[in-house]
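# A structural walkthrough
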Amino acid sequence: MRDIWRPIVLIGLVMLVPIVPFVVFGDALEAWVQRTIEEQVSGWLIILILSIDILLPIPSSVVCTMAGWKLGPLAGSLVSLVGMTAGAVLGFALARRWGTPLARRLSGEQDLQRARQINDRFGPGVILITRGVPVLAEASVLLVGIHQLSWRRFLPPLLAANALLSAGYSLIGYYARETRGLSLALAASIAIPVILALVVRQLYQRKVHRQGNSHDRLE
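First, a word on scope: everything that follows refers to the structure included in this document. This structure is a prediction, so every number in the text was calculated from the model and none was measured. (Residues numbered from 1 in each chain as written. Predicted model: local features only at pLDDT ≥ 70, side-chain atom pairs only at ≥ 80, totals over all residues. Heavy atoms only, no water.)

## What to know about the nonpolar core
Within the largest apolar cluster, 22 residues are counted, with the highest numbers of intra-cluster contacts made by Ile 127, Val 144 and Phe 154. Looking at this core, the elements that each hand over two or more residues are helix H5 (73-98), helix H7 (109-122), helix H8 (126-130), helix H9 (136-146) and helix H10 (151-179). Examining the composition of this core, we find that 7 residues originate from one element, H9, more than from any other. Once you skip the residues sitting within four places of it in the chain, Ile 127 turns out to touch Ser 140, Val 141, Val 144, Phe 154, Pro 157, Leu 158 and Ala 161. Within the second largest apolar cluster, 12 residues are counted, among which are Val 41, Ile 47, Met 84 and Leu 165. (Core = buried A, V, L, I, M, F, W, Y, C linked by side-chain atoms within 4.5 Å. Buried < 20%, exposed > 50% of the residue type's maximum accessible area, 1.4 Å probe, protein only. Helix = DSSP H or I, 4+ residues; strand = E, 2+ residues; numbered from the N terminus. Contact = heavy atoms within 4.5 Å.)

## Topic: the packing of H7 against H9
Between H7 and H9, whose axes approach to 8 Å, the crossing angle comes to 70 degrees. With respect to H9, the element H7 is oriented roughly perpendicular. Only Leu 136, Ala 139, Ser 140, Leu 142, Leu 143 and Val 144 of H9 make contact with H7, whose side of the interface consists of Asp 111, Leu 112, Arg 114, Ala 115, Arg 116, Ile 118 and Asn 119. Per-class residue counts for the contact of H7 with H9 are 8 nonpolar, 2 polar and 3 charged. (Axes fitted to C-alpha atoms, helices over the stretch in contact; angles between N-to-C directions. Parallel < 35°, antiparallel > 145°, perpendicular 65-115°, else oblique. Nonpolar A, V, L, I, M, F, W, Y, C, P; charged D, E, K, R; others polar.)

## Considerations on the packing of aromatic side chains
Taken as a whole and judged by the stated rule, the model has 3 aromatic pairs. A ring pair is formed by Phe 92 and Trp 151, whose centres lie 4.7 Å apart and whose planes are at 80 degrees; its orientation type is edge-to-face. Of this pair, Phe 92 sits in helix H5 while Trp 151 sits in helix H10; the two residues are 59 residues apart in sequence, bridging distant segments of the chain. On the basis of relative accessible area, Trp 151 is assigned to the partly exposed category, the value being 34%. Consider the rings of Trp 151 and Phe 154, whose centres lie 6.0 Å apart with planes at 80 degrees: the pair is edge-to-face. With Trp 151 and Phe 154 both in helix H10 and 3 residues apart, the pair spans about one turn of that helix. Take Phe 154: its relative accessible area is 0%, and that puts it in the buried class. Among the aromatic residues, those joined into a cluster by ring pairs are Phe 92, Trp 151 and Phe 154. (Phe/Tyr/Trp six-rings, centres within 6.5 Å; stacked < 30°, edge-to-face > 60°.)

Shown next as structure tokens:
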């Protein structure tokens, strides 16, 4: 029972992060955030931010949601797709060229190990499974780069996952603009990656558990 309630509580707390300030400070804060997005956010800026996601801890889900708010669902999706793909291609190319030492510096050994566990089970599908998960998304790209996965096998799942995520978050941002639900949109853009991370964590733990059982039977 504890295993069920723990992720539910975690998701609830995460969703409260962007909602509480809007409840406390009301319309003034929401108007300021909307004005900041309208005046300072552009398509080129979104592409730039997302393209360096492999190098910096950028909340890409929030950025894609802002793209939908600012540019609309179609343009927001396209801009987000270009930025997310550029960042992943950069990380993949660097990992193919410089290998494990650079990947460890950019991601960390523990994150690479988790991505490796999922990769052992799903192969290149690790890109699809982890693309929306913070940290693991970057780690999986670096991992397949280390393994010298061909561009032909790397790009299709990457483009498919990025297209789905960018369209989804852009639609959330656009819907929030039409309904004036900025706080809920931000909450969703934060909570969805948390939910995806919990799902991937369960896959990872099952893999480790099965390996442990197999090892016990061999002994």
